[in-house]
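# Close look at the chain arrangement
If you want the building blocks of each chain, they are given just below.
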Amino acid sequence: MAHANAPEGYVQVKVAAVAAVLTKRSWLEFVEVEREAFFNEVKQAVLGAHGLASQSTAITFLESLVSEFSPSTASAMGLPAEFHEDCRASVELGYLQQFYSWAQEATFSVAQRTFQGTGMEVKVCAAALRLMSQILNWDFQGNADRVPGGAMIIGKNRTNIFSSSMGREIACKKSTEQNLVQPGPAWYDLLLSPNNVNWLLEFYSTLRQHSSADGSWMDSPLAVSCRQLIVQLCCLNGSIFTSGSGQAQEQHLQRMLSGIMTWIDHADAVISAIKSGKSESELIDGCRALFSVASLTAPTVFDQLLKGYSRHLSTLSLLSSLTCEVIKANVGDHEEEETWSQEALDILLDTWTVFLQPAELSKKPPPSALGVSAAALVFKTIVETELRAAATSAYDEGDSNEQLQAAIAARDERLSSFALIARAAPGESIPLLAMLFSERCLLLNQSRGIRADPTPILEELHWLLLISGHVLADSGDGETPLVPETIQVQFLDIREPENHPVVVLSRCIIDLAEQSLDSNLRESIFSPRLMEAVVWFFARWTGTYLMPPDAGRGPNCTPGQEGERHPETQLGRSGLLNVFGEEKQGNVLLGTLVCIAIMTLTLWPGERNLQEITCFQLLPALVRRRNICVHLVTLDPWKELSKAFANERNLFQLPARLQRSLAETLCRSAWGMDGSDASNQYVRDLMGPITTYLIDLSRNSDLNVYAQKPDVIFLVTCLVERLRGAAMATEPRCQRAIFEMGAAVMNSLLRFLEVYKNQSMVVYVLLKFTVDWVDGQVAFLEAKDTAILFNFCVQLLQIYSAHNIGKVSLATSRNLLNETETEKYKDLRALLQLLTNLCSKDLVDFSSDSQGEAETPDVAQAVYLGLHIITPLISLDLLKYPKLCHQYFALLVHMLEVYPEKVAKLAPDAFAQIVGTLDFGLRHQDTEVVNMTLIALSAIAFYHYQAICKGKEGLGVHALSKQGPNGATQEGVLAHFLRSLLQFLLFEDYSNELVGPSADALLPLIMCNMALYQTMAQELFQGQQNAGFQSRLATAFHALITSNNLTSSLDRINRQRFRKNLHNFLVDVRGFLRTM
């Protein structure tokens, strides 16, 4: 304070930070009287008793103090975690509210002088507001209690004993990710007093009036701090409102919303001023506040907050008006990567989302007339502006592929938000889309006659197709897509299904798609980009509207239930769904879609995006349901496609992965054949020529030379990818035919593996086919066929190992810097997946003789042989790469869980490699890898303990201590991991999800090594100088193995008891054992 007038502001901030650290270090040593005297001096300075300079310095000190006592921004001090938690709880419960009150009083005292005084008053006021905002960012925990052992628990949230956030900054959040402020009931008067809230809002309003002539004031520290505090007060939630009336939160948010109205009302004028050079920060903050209010209230309450407070009839009317203006402003701002209008629009669209799709579905509002009108206005504005932008950007050059993928993801997210608004007013939005689409189609046809450039119209149609797909149907990822609920209930008065707006819009798009089959029209008006949108639309649309299996039933209802309660609803829904059903237009449309698919694959060579959408989205959508496949396999276009795939060469022009997808789709359509025999014959007819072709290639007399030609390499790759696609389509109906296909090419594949040992791409394709084929077949095979499959896999592994195909030098592996480069090791991951699939034979077996006469091959022996072959190719350095690491640990865990007796018989070198792998896994940064390691440790410890209890040797020599090469004694594997696991649990950072798996591993390790456990406890006692800590350690270690009636059994109940014991043990001792 003595040097408060010094001009070096940066130095003062650093000095304040050091003072805060020193204060925290001695915090628990202060007696209460000393602490009160110290803070009384700070209070006097904050309130201005020693002048403005000292006032600013004192506020800066409190800012540093709050930052230092907050876990997310605290400095590392090398002190026990319990010390940091005690300090945090002490400040929260005893001082944080006082700090806020002092800062508030300081703001009151200098506020009026900021308009006439010097810069020092402004600096003090801004610092005080910033301190108040910082305090509201605190992670409030509530009341403090202690467990009997002494560890502190705060409210309902126990101290975080498993990980540390000391010195880590809070991760950046999206602009719309809400940061709720929940300080508790004791803060009610301080934060929610109408006088305090009104004063803050009036102060900012006065600041706006005094500074209106200077547009730069909005970004001044004072204005930013004030707005930030206002936005945070809009985020108040939780138990603080229990101190007021039942309407306390609603009244508070109403007061806040009325205060920020001036920031966002008359949006056209606000945006005009921004375009003229005014800062946009106030508008952005206003949007954030509006989002927070919408997130904290039920939709009906949100809509009523502004009634009587503004010219708007409802809050939704304000939101609608603001959104429309921001949308218009956003049209011309696409040149920059990120603009203020894009940021504002993202926040407003998220506000619409929380309003239309609240987290609690029970709060979802029924559509009101005002709500429908507001949504319709916003969607109309969206359509008008986006169509104008599409036409304007028609001649823009495309982005690179990486930028394109990012742009598509952002576009789809934006379109989903637009579609949600459209669905809130389907009676206006869908007819609007149908009218605009019809108009553009007419203009497109007219452009042919006058030879006008159709590019702008094509871009408009492209956007209309995308938005129509999002509005009419959901993606259906992971579930069956239904007609959106708002569309189902909107058009109940329509008796003629053909007049249904959804049908009208769909029919317009179908008509356009049919025109693409006319060669003259296709060449004159259809661009690849337009066809991409057409194909994408039908890939999304078919899942909901093409031959729906449950026509007439609504979501979440049983058959008959819907019609009994709402007969008019059933009539409307069934009419819509039946238009493109199996008995009406569905079959014709299905044939049209297949013709379009054939056209895109054969008549648009080189259009990779179009062909990918066809193979990866449209065709798979057609074979997703059996009722469609039944019709599909009877269609002439589908038969033509199947024939061309099997016997003709023109489809070989497609990239190999598209051929794989096409093979999978064609084989899946066998689902529609009548019976298993017909399905198997269908697959044989489809894949037989391909199998024969591959076998003939492998029998070439000069294969070693002939196979190295580029066109032959590509041909072999395509043929194997086709086989892989068929393998991925394995179903019980056609399993036999696909097994015969794989068995027929076994020798050819082994031959190609030898020939292409230096062609990593071909090797990988061969391995992936084997992986997928084994995965689909292994559960169904009889013992004889299983032996054939296992023998083939072993031969493949031996050839792979003999040629050292996957061997990579350690120096090379250390040079790999990113995930892309680790793809060099994807063949090793494929081999691990192959072994994992072989393991599944013991877990899932549908073969008829699984309990029969034939002797089933030993799965464990085959898998361990495979591991023995490929393990030398995998170093610990390679395990640092996520995909390979996960695959290896998944297999290792399975083997140790299911076949621990086999592990016990491994040679010392092989067993040592497993131990090294588990050591690596226990210290891995990936929680999943650590979890798998703990499961593996639990399995081998459990096996050993159960074995020795029965008088058997268990792990045998692997569990015994032995002399090392330097003469030192080496602990057995179980003693080694007991020591490692206790070290990990007591001193390392980890997720609390790992406590349960750790307990399951630790209990059998302790039971196998009780003497070592007691020795380790004694070593920790002796390492503690504090007598209180020694006592707590002794009690905790004893309670860990005795509390809750714990016994020496490893049954389920005892393991659950030990889990509770371990959690209490860690809560008690980690706080003072770990330093931060």
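What counts and what doesn't
- Residues numbered from 1 in each chain as written.
- Predicted model: local features only at pLDDT ≥ 70, side-chain atom pairs only at ≥ 80, totals over all residues.
- Heavy atoms only, no water.
- Helix = DSSP H or I, 4+ residues; strand = E, 2+ residues; numbered from the N terminus.
- Buried < 20%, exposed > 50% of the residue type's maximum accessible area, 1.4 Å probe, protein only.
- Phe/Tyr/Trp six-rings, centres within 6.5 Å; stacked < 30°, edge-to-face > 60°.
- Axes fitted to C-alpha atoms, helices over the stretch in contact; angles between N-to-C directions.
- Parallel < 35°, antiparallel > 145°, perpendicular 65-115°, else oblique.
- Left-handed = near helix turned anticlockwise from the far one by under 90°.
- Contact = heavy atoms within 4.5 Å.
- Nonpolar A, V, L, I, M, F, W, Y, C, P; charged D, E, K, R; others polar.
- Expected span 1.5 Å × (residues − 1).
- pLDDT = per-residue confidence, 0-100.
- Core = buried A, V, L, I, M, F, W, Y, C linked by side-chain atoms within 4.5 Å.
- Salt bridge = Lys/Arg side-chain N within 4 Å of Asp/Glu carboxyl O.
- Disulfide = S-S within 2.5 Å.

## Some details on the overall build of the protein
Assigned secondary structure in the protein consists of 49 helices and 5 strands. Among the 1076 residues that make up the protein, the fraction classed as buried is 53%.

## Some details on the packing of aromatic side chains
Scanning the entire structure with this criterion turns up 31 aromatic pairs. Ring geometry for Tyr-100 against Trp-187: centres 5.9 Å apart, planes inclined by 75 degrees, an arrangement best described as edge-to-face. Here the residue Tyr-100 occupies a position in helix H5 (residues 96-111), and Trp-187 occupies one in the loop between strand S3 (157-158) and helix H7 (188-192), the gap between them amounting to 87 residues. Trp-187 carries the same exposure label as Tyr-100, and that label is buried. A ring pair is formed by Phe-537 and Phe-538, whose centres lie 5.2 Å apart and whose planes are at 80 degrees; its orientation type is edge-to-face.

## Here's the deal with the packing of helix H19 (residues 455-472) against helix H23 (residues 528-545)
For the pair H19 and H23, the least separation of the axes is 9 Å and the interaxial angle reads 15 degrees. The angle between H19 and H23 places the two elements in the roughly parallel class. In this structure, H19 crosses over H23, and the sense of that crossing is left-handed. Along its contact with H19, which presents Leu-458, Glu-459, Leu-461, His-462, Leu-465, Leu-466, Ser-468, Gly-469, His-470 and Leu-472, the element H23 presents Arg-529, Leu-530, Ala-533, Val-534, Trp-536, Phe-537, Arg-540, Trp-541 and Tyr-545. For the contact of H19 with H23, the class distribution of residues is 12 nonpolar, 4 polar and 3 charged.

## Here's the deal with helix H18 (residues 426-450)
Between its first and last C-alpha, H18 extends 36 Å over 25 residues, near the 36 Å set by a 1.5 Å rise per residue. Looking only at H18, the buried set comprises Pro-426, Ser-429, Ile-430, Leu-432, Leu-433, Ala-434, Leu-436, Phe-437, Arg-440, Cys-441, Leu-444 and Ser-447. Phi turns positive, to about 55 degrees, at Arg-451, one or two residues after H18.

## Some words on the environment of Tyr-825
If you trace the backbone, Tyr-825 turns up in the loop between helix H38 (810-814) and helix H39 (826-843). Along the chain, Tyr-825 and Lys-883 lie 58 residues apart, while their C-alpha atoms are 9.4 Å from each other.

## Some thoughts on the confidence of the model for the protein
The predicted coordinates ought not to be read in detail in places where the model reports low pLDDT. When the pLDDT values of the protein are averaged, the result is 85; 85% of them are 70 or greater. Ranking the elements of the protein by mean pLDDT puts strand S2 (residues 152-154) last, at 39, and helix H30 (residues 656-668) first, at 97. Here residues 166-176 is modelled with pLDDT under 50, and outside its nearest four sequence neighbours on either side it reaches 25 contacts, counting other chains as well. Every residue in residues 808-822 is under pLDDT 50, and counting partners more than four places away or in other chains gives 20 contacts.

## With respect to unusual backbone geometry
Notably, His-266 is not glycine yet its phi reads approximately 50 degrees, a positive angle. Relative to the helices and strands, His-266 resides in the loop between helix H10 (248-264) and helix H11 (267-275). In this structure His-266 comes out as partly exposed when scored by relative accessible area, which is 44%. Non-glycine residue Asn-1045 carries a positive phi angle of around 55 degrees. By the secondary structure assignment, Asn-1045 is in the loop between helix H48 (1027-1040) and helix H49 (1052-1073).

## Focus on the nonpolar core
Of all hydrophobic cores here, the largest spans 351 residues; its most connected members are Phe-99 and Trp-638. Looking at this core element by element, the count peaks at 11 residues for H23. Apart from residues lying up to four places away in sequence, Trp-638 is in contact with Val-594, Leu-619, Val-623, Leu-632, Val-633, Thr-665, Leu-666, Ser-669 and Tyr-682.

## Thoughts on the environment of Glu-754
Relative to the elements of secondary structure, Glu-754 occurs in helix H35 (residues 746-755). For the pair Glu-754 and His-803, spaced 49 residues apart in sequence, the C-alpha to C-alpha distance is 7.8 Å. Ignoring sequence-local partners within four residues, the contact set of Glu-754 consists of Ile-799 and His-803.

## A few points about the pattern of salt bridges
In this structure the tally under the stated criterion is 30 salt bridges. The closest approach of N and O atoms between Asp-474 and Arg-423, which form a salt bridge, is 2.8 Å. Within this pair, whereas Asp-474 is found in the loop between H19 and helix H20 (485-490), its partner Arg-423 is found in helix H17 (residues 401-424), the two being separated by 51 residues in sequence. The exposure class assigned to Asp-474 is partly exposed, which follows from its relative accessible area of 31%.

## Focus: the packing of helix H16 (residues 369-392) against H19
Close contact between H16 and H19 brings their axes to 8 Å; oriented N to C, the two are set at 145 degrees. Between H16 and H19 lies a crossing of right-handed hand. Between H16 and H19, the contacting residues are Phe-379, Ile-382, Val-383, Glu-386, Leu-387, Ala-390 and Ala-391 on the first element and Pro-456, Glu-459, Glu-460, Trp-463, Leu-464, Ile-467 and Val-471 on the second.

## Looking at the state of the cysteines
One pass over the structure, following the stated rule, counts 0 disulfides. Among the cysteines around Cys-949, which has no disulfide bond, Cys-1008 carries the closest sulfur, lying 7.8 Å off.

## Points about helix H45 (residues 973-987)
If you check H45, its first and last C-alpha atoms are 21 Å apart, about what 15 residues at 1.5 Å a residue would give, namely 21 Å. Counting buried positions along H45 gives 11 out of 15 residues, so the element sits mostly inside the fold. Three or more residues of H45 are buried, namely Val-973, Leu-974, Ala-975, Phe-977, Leu-978, Ser-980, Leu-981, Leu-982, Phe-984, Leu-985 and Leu-986. Summarising the contacts, the buried residues of H45 are in contact with helix H43 (908-922), helix H44 (927-949), helix H46 (995-1008), helix H47 (1010-1022), H48 and H49.

## Things to note about the side chain of Asp-1000
Its place among the elements puts Asp-1000 in helix H46. Taking the relative accessible area as the measure of exposure, Asp-1000 reaches 17% and is therefore buried. Sequence-distant contacts of Asp-1000, that is, excluding residues within four places in its chain, are made with Ser-938, Arg-1055 and Arg-1059.

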